[in-house]
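Listed here are the chains, written in short residue letters.
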Number of protein chains: 2
Amino acid sequence: MAVSRDPDVNRAMCPSRLILEHVTSRWGVLVLAALLDRSYRFSELRREVGGVSEKMLAQTLQTLERDGFVHRDAKPVIPPRVDYSLTELGKEAAEQVWGLARWTEKRVDEVFTARARYDEAKERGAAYGEARTP
Amino acid sequence: MAVSRDPDVNRAMCPSRLILEHVTSRWGVLVLAALLDRSYRFSELRREVGGVSEKMLAQTLQTLERDGFVHRDAKPVIPPRVDYSLTELGKEAAEQVWGLARWTEKRVDEVFTARARYDEAKERGAAYGEARTP
DNA sequence: CGGTATCCTCCTAGATACTG
DNA sequence: CAGTATCTAGGAGGATACCG
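The rules behind the values
- Residues numbered from 1 in each chain as written.
- Chains lettered and ligands numbered in written order.
- Predicted model: local features only at pLDDT ≥ 70, side-chain atom pairs only at ≥ 80, totals over all residues.
- Heavy atoms only, no water.
- Pairing = 2+ DSSP bridges.
- Helix = DSSP H or I, 4+ residues; strand = E, 2+ residues; numbered from the N terminus.
- Near = heavy atom within 4 Å.
- Polar contact = N/O pair within 3.5 Å; in protein donor to acceptor, adjacent residues only side chain to side chain.
- Nonpolar A, V, L, I, M, F, W, Y, C, P; charged D, E, K, R; others polar.
- Contact = heavy atoms within 4.5 Å.
- Buried area = accessible area lost by both parts, 1.4 Å probe.
- Salt bridge = Lys/Arg side-chain N within 4 Å of Asp/Glu carboxyl O.
- Least-squares fit on C-alpha atoms with pLDDT ≥ 70 in both.

If you look chain A up in an unreviewed UniProt entry, it shows as Winged helix-turn-helix transcriptional regulator from Streptomyces maoxianensis.

Colleague: Can you tell me about the sheet that holds strand β1 (residues 40-41) of chain B, naming the residues and giving the values?
Modeller: Backbone hydrogen bonds hold the strands of a sheet together, and the pairing may be parallel or antiparallel. Residues and elements named next belong to chain B. Ordered by their spatial adjacency, three strands build an open sheet running β1-β3-β2, and the pairing between neighbours is antiparallel. Only two strands of the sheet have a single neighbouring strand rather than two, namely β1 and β2 (70-75). Both β1 and strand β3 (residues 81-86) contribute to a ladder of two bridges, which runs antiparallel. Opposite R41, over in β3, you have D83 as the bridge partner.

Colleague: Talk me through the protein's contact with DNA strand C; I want residue IDs and the actual numbers.
Modeller: Looking at DNA strand C, there are 20 residues lining it, with A:R41, A:Q62, A:R72, A:Y84 and B:K55 nearest. Sugar and phosphate atoms represent 67% of those atoms of DNA strand C found within 4 Å of the protein. For DNA strand C, a phosphate oxygen lies 2.7 Å from a polar atom in the side chain of A:Q62. Side-chain polar atom of B:W27 to a phosphate oxygen of DNA strand C: 3.2 Å apart, as the coordinates give it. Secondary-structure elements contributing two or more residues to the surface near DNA strand C are α4 (42-49), α5 (54-66) and β3 (81-86) of chain A together with α3 (26-37) and α5 (54-66) of chain B. Taken together, the residues of the surface near DNA strand C break down into nine nonpolar, three polar and eight charged.

Colleague: Could you give an account of the interface of chain A and chain B, with specific residues and numbers?
Modeller: Contact residues are listed per partner, giving 38 residues for chain A and 38 residues for chain B. Interface of chain A and chain B: buried area, both sides summed, is about 3700 Å²; carbon and sulfur atoms make up 66% of it. The largest contributions to the chain A side of the interface with chain B come from A:R66, A:W103 and A:R115, which together make up 19% of the buried area. Along the contact surface separating chain A from chain B lie six salt bridges.

Colleague: Pulling in residues and values, what's your account of the relation of the copies chain A and chain B?
Modeller: With an axial shift of 0.0 Å and an RMSD of 0.1 Å, the rotation relating chain A to chain B amounts to 180°. Interpreted geometrically, this transformation is the action of a two-fold axis. Across chain A, the rotation axis passes nearest the C-alpha of A:T24, at a separation of 3.6 Å. Take the interface residues of chain A: 100% of them recur as interface residues in chain B, which is what a same-surface contact looks like.

Colleague: Could you give me a rundown of the environment of B:R107, with the residues and numbers involved?
Modeller: Within the secondary structure, B:R107 sits in helix α6 (residues 88-127). Along the primary structure B:R107 and B:D83 are separated by 24 residues, whereas in three dimensions their C-alpha atoms are 34 Å apart.

Structure follows, in structure tokens:
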């Protein structure tokens, strides 16, 4: 039988995996981090985050809104004005992922050192010709 | 100019983003969580995690090893025996992501409620025919 | 301003087959 | 047992154009 066309459904063997995916997604992390400071308008957020396309920002915000992390406040004025802010749940989420992000930044040097060591070891292995069969 | 063919290079505007991606990746989370309990052999880990292909498990382990989170201990015996365990850095990483995962699990009900509310609101919007132009 | 709709291009996960 | 090599479908995400 074919699996569902909705990727969210297929990966949802564990539902929390999906939520994790949403909040740790490339733009999800940055959006949550930005909104932790204050509320933002769409274009403002786009500039703040930097490098995100309209499509991806809209998609990210919709996902986060649907999950109950972000509140969307669309004012019926012309020109349109839409403000995004964190819900209480979203604030918790943002603090969690931001905590992880901060930890990661703290350890980035150690990771780089580890990588250099790993790559050098590989290099040496290749140099001493350990059973390479090309 | 063309950007690099290595996705890790392109996404690395922020190096910590990459590390985050490695530890929160689909299988990364589960591998770290498993190794938090004890060390595992390759096939053992494959069974424990469940649903992971050999290729993806190998790739995940290599990435985590390169980042300095996982220690690979290959014993020169026949048949081969390779044990994987967490380094000190990896233990920290695992605790961080596991913390996030636990938080997510705790809030999964609230997220589902939020989603139901969101979907229902969309439904109603469509039902009352608000300016749909198909 | 704040989005959608459409197209299009890579990337990546997974399946399969093979090796030391 | 513990992986590597190769192939492929399809999904993620960017570019572009358009709408209310």
